[in-house]
Amino acid sequence: TTPPQINNTVVPPSQKPSDETANWKTYANSQYGFSFRYPSQVTVVERQGVVAIQDTKSNFSSQVRATKGIKTFHWSRVAEDYYFDKNNVVRDLMNGDKQLDPAFIVSGMPVYAFRTGDAGSSFVEYGVVSFAKDEIVLFGLSSDGNSPDPILAQFAVFEPIVKKIVGTVSFQ
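Rules of the game
Residues numbered from 1 in each chain as written. Predicted model: local features only at pLDDT ≥ 70, side-chain atom pairs only at ≥ 80, totals over all residues. Heavy atoms only, no water. Helix = DSSP H or I, 4+ residues; strand = E, 2+ residues; numbered from the N terminus. Buried < 20%, exposed > 50% of the residue type's maximum accessible area, 1.4 Å probe, protein only. Contact = heavy atoms within 4.5 Å. Areas by Shrake-Rupley, 256 points an atom, 1.4 Å probe, with all protein chains shown as cover. Pairing = 2+ DSSP bridges. pLDDT = per-residue confidence, 0-100. Phe/Tyr/Trp six-rings, centres within 6.5 Å; stacked < 30°, edge-to-face > 60°. Salt bridge = Lys/Arg side-chain N within 4 Å of Asp/Glu carboxyl O.

A. The overall build of the protein chain, seen in detail. Each helix and strand in the protein chain was counted, giving one helix and 14 strands. Counting only residues that meet the buried cut, the protein chain has 38% of its 172 residues in that class. At a minimum sequence separation of 6, the contacts of the protein chain that also span at least 24 residues come to 45%. In the structure as shown, the protein chain presents an accessible area of about 10600 Å², 50% of it carried by carbon and sulfur atoms.

Next up, the structure:
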């Protein structure tokens, strides 16, 4: 009988995928002690304490705001009310409260999606929470479901960009 053939081919270790945010610009807010990175297709404008990020391709924008003292923070829109209870976010429902699970985690920090909507429109703010720093940074997005399809398609492109930006938030 013939001995089995042994394949001694060396397979090089796979290279880590490059961090697509590595070459992004950085916005830093010294007042609230946070920063985030953003791609070249996005501009950051700060006027009178209000920060906005705008996608130059789709023309969609997102307002960025920060709050210290999250234990007293309430997020309210229409019939939605969210508040912090210890290290949890609670959604105040008319028939009882419910703990809100994070939409995703960024560097060990929970990101919550505060949502509301009515009559075809919707609004969401992605909130990156640092319980240790007692702060939250919110990125707001709104869309009008009654808008023509091309506008909704542009929004569908911008929301993932905002989520990637949210994923780069850090607190100093």
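B. Seen up close, the pairing of strand β2 (residues 34–38). Counting buried positions along β2 yields four of five residues, so the element is predominantly enclosed. Direction of pairing for strand β1 (residues 25–29) relative to β2: antiparallel, over a ladder of five bridges. Across the sheet, Asn29 pairs through a bridge with Phe34, a residue of β2. Turn length for the β1-β2 hairpin, with the two strands adjacent in sequence and antiparallel, is four residues, and the turn residue Gly33 shows positive phi of about 70°. Sheet analysis places β2 next to strand β14 (residues 170–171), joined by two bridges and oriented antiparallel. Counted as the bridge partner of Ser35 is Ser170 from β14.

C. Quick look at the sheet that holds β1. Pairing within the open sheet is antiparallel, and its three strands lie in the order β1-β2-β14. Looking along the sheet, the strands with just one partner apiece sit at the ends: β1 and β14.

D. Region of interest: the pairing of strand β5 (residues 61–68). Looking at chain direction, strand β4 (residues 50–55) and β5 are connected through four bridges and run antiparallel. Directly across from Ala52, in β5, lies its bridge partner Gln63. Linkage of β4 to β5, two consecutive antiparallel strands, is achieved through a turn of five residues, within which Asn59 is found at a positive phi near 70°.

E. Fine view of unusual backbone geometry. One non-glycine residue, Asp134, lies in positive phi territory at about 60°. Relative to the elements of secondary structure, Asp134 occurs in the loop between β12 (121–130) and β13 (135–144).

F. Structural view of the confidence of the model for the protein chain. Mean pLDDT over the protein chain: 74, with 72% of residues reaching 70 or higher. The secondary structure element of the protein chain with the lowest average pLDDT is helix α1 (residues 149–166), at 69, and the one with the highest is β1, at 93. A low-confidence stretch, residues 3–17 (pLDDT under 50), is modelled with zero contacts involving residues beyond four sequence positions or located in other chains.

G. Structural view of the packing of aromatic side chains. If you walk through the whole model with that rule in mind, you get six aromatic pairs. Aromatic side chains Phe36 and Phe139 sit 5.3 Å apart centroid to centroid with 75° between the ring planes, which places their arrangement in the edge-to-face category. Of the two residues, Phe36 is situated in strand β2 and Phe139 in strand β13; the sequence distance between them amounts to 103 residues. On the basis of relative accessible area, Phe36 is assigned to the buried category, the value being 0%. Ring centres of Phe104 and Tyr126 lie 6.2 Å apart, and the angle between their planes is 45°; this geometry places the pair in the tilted category. Of the two residues, Phe104 sits in strand β10 (residues 104–106) while Tyr126 sits in strand β12, which places them 22 residues apart along the sequence.

H. Molecular detail of the environment of Ala52. Within the secondary structure, Ala52 is located in strand β4. Apart from the residues within four sequence positions on either side, Ala52 is in contact with Thr43, Val44, Val45, Ser62 and Gln63.

I. Just the pattern of salt bridges, in detail. Counted by the stated rule, this structure contains two salt bridges. We note a salt bridge from Lys164 to Glu20, for which the minimum N-O separation is 3.3 Å. Note that Lys164 is positioned in helix α1 and Glu20 in the segment before β1, a separation of 144 residues in sequence. With a closest N to O distance of 2.9 Å, Glu125 and Arg65 form a salt bridge.

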